[in-house]
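# Observations on chain architecture
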Amino acid sequence: QQPVQSPQAVILREGEDAVINCSSSKALYSVHWYRQKHGEAPVFLMILLKGGEQKGHDKISASFNEKKQQSSLYLTASQLSYSGTYFCGTDSTDSWGKLQFGAGTQVVVTP
Amino acid sequence: DTAVSQTPKYLVTQMGNDKSIKCEQNLGHDTMYWYKQDSKKFLKIMFSYNNKELIINETVPNRFSPKSPDKAHLNLHINSLELGDSAVYFCASSQALGQTYEQYFGPGTRLTVT
C-alpha cells in the first residue's frame, strides 16, 4: 500500500522553510527520500531506519516516527536547487526490500 | 562514467508491437529493479532481481518479461504493447536487497504507444 504524502505542492521563496510529510498505514522498517527534477531520474537523499533517527543532507533533514508510521522531510533555508518533486518510499516490515512510493510533493522555489 | 544506463531514452511505437528496454549498471551492485512512472508521476515497482534471480514480481501483465543475463544487466521485454503501457520506465540498482540500501536510478526510457 502506497504511503500518503502531503502537501501535494508547495511554493517557496528562497530562504523559506517547508515540511513534507509521509505517512503509512503499515508498520515500517525504513523510509527513503528521493528528489526528482523535471525530466530526470529520482536521486537519493536519505534513508531513515527504525529507531526514530533524524538525518541531514546539507540543509535538508528528516525524521522518522516509527510508532506513528510517519516521516517528515524538512527543507531549511531553501535554495533554488531544491526545486523538484520529493518522493518518500516506505519499506514495510511485511514486504522486505520492496519500496512503495508516495505520489510525490512538488516543490517550487522562487527567487 | 554513467552508473546506471538505459537504452533507448525514447521509444515511440504502435499498439501491438513488441519492444525491449535495456539496462546496465557499473556499480557492482547485486540488486536491480524496474519501475514504471505514469503520467501522474506515480512511481511503481514492477520487478526486482538479486544476483540474476527474480525476487519481486508485482502484479504486472504477463506481456512484461524481465531478463537478467548477469547481475550487471536487467532487460525488459514488452509484448503486444497497449496504449496504457505509455509511461517512463526506470531501471534502478542497489548494493544488495534490503531495506537499508539506497537505490540508484537510470535516466529513464519514455515509452509512447500510439
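The coordinates are above.
Residues numbered from 1 in each chain as written. Chains lettered and ligands numbered in written order. Predicted model: local features only at pLDDT ≥ 70, side-chain atom pairs only at ≥ 80, totals over all residues. Heavy atoms only, no water.

### A few points about the nonpolar core
To keep it simple, the criterion reads: Side-chain atoms within 4.5 Å link the members of a nonpolar core, which is a set of buried Ala, Val, Leu, Ile, Met, Phe, Trp, Tyr and Cys residues. For each residue, the accessible area found with a 1.4 Å probe, counting protein chains only, is set against the maximum for its type, and the residue is called buried under 20%, exposed over 50%, and partly exposed in between. Strands here mean DSSP runs of E at least two residues long; helices mean DSSP runs of H or I at least four residues long; both are numbered from the N terminus.
In this structure, Trp-33, Met-46, Ile-60, Leu-73, Leu-75, Tyr-86 and Val-107 of chain A are the most contacted members of the largest nonpolar core, which totals 21 residues. Secondary-structure elements contributing two or more residues to this core are β2 (9-13), β3 (18-23), β4 (28-36), β5 (42-49), β7 (60-65), β8 (70-75), β9 (84-92) and β11 (105-110) of chain A. Within the second largest apolar cluster, 20 residues are counted, among which are Val-4, Leu-76, Ile-78 and Cys-91 of chain B.

### Re the environment of His-77 of chain B
All names here are of chain B. As a reminder, the rule being used: Here, residues are in contact when the closest pair of their heavy atoms is within 4.5 Å. Polar contact criterion, stated in full: a pair of N or O atoms within 3.5 Å, where within protein one must be able to donate a hydrogen and the other to accept it, and residues adjacent in sequence count only if both atoms are side-chain atoms.
Mapped onto the fold, His-77 is located in strand β8 (residues 73-78). Judged by relative accessible area, which is 27%, His-77 ranks as partly exposed. Along the chain, His-77 and Gly-106 lie 29 residues apart, while their C-alpha atoms are 17 Å from each other. Residue contacts for His-77: discarding those within four places in its chain leaves Asp-18, Lys-19, Ser-20, Arg-63, Phe-64 and Ser-65. Here the side chain of His-77 touches Lys-19 through a polar contact of 3.5 Å, landing on its backbone oxygen.

### Digging into the pairing of β9 of chain A
All names here are of chain A. Which entries qualify depends on this criterion: DSSP calls a pair of strands paired once it identifies at least 2 bridges connecting them.
When you tally the buried positions in β9, you get nine out of nine residues, the bulk of the element. In this structure, β4 lies alongside β9, joined through eight bridges in antiparallel fashion. By the bridge assignment, Leu-28 is partnered in β9 with Ser-92. Sheet topology places β9 next to β11; three bridges connect them, and they run antiparallel. Its bridge partner lying in β11, Thr-85 is registered against Gln-106.

### A look at the packing of aromatic side chains
What counts, and what does not: Put simply, two rings from Phe, Tyr or Trp (the six-membered ring, in Trp's case) pair if the centres are within 6.5 Å, and we call them stacked under 30 degrees between planes, edge-to-face over 60, tilted for the rest.
Within the structure shown, the criterion is met by ten aromatic pairs over all chains. Centre to centre, the rings of Tyr-34 of chain A and Phe-105 of chain B are 5.6 Å apart; their planes meet at 85 degrees, and the pair counts as edge-to-face. Here Tyr-34 of chain A, found in strand β4, pairs with Phe-105 of chain B, found in strand β10 (residues 104-105), and the two come from separate chains. Each of the two residues, Tyr-34 of chain A as well as Phe-105 of chain B, counts as buried. An aromatic cluster is built from Tyr-34, Phe-44, Phe-87 and Phe-101 of chain A together with Tyr-33, Tyr-35, Phe-90 and Phe-105 of chain B, whose rings are joined through pairwise contacts.

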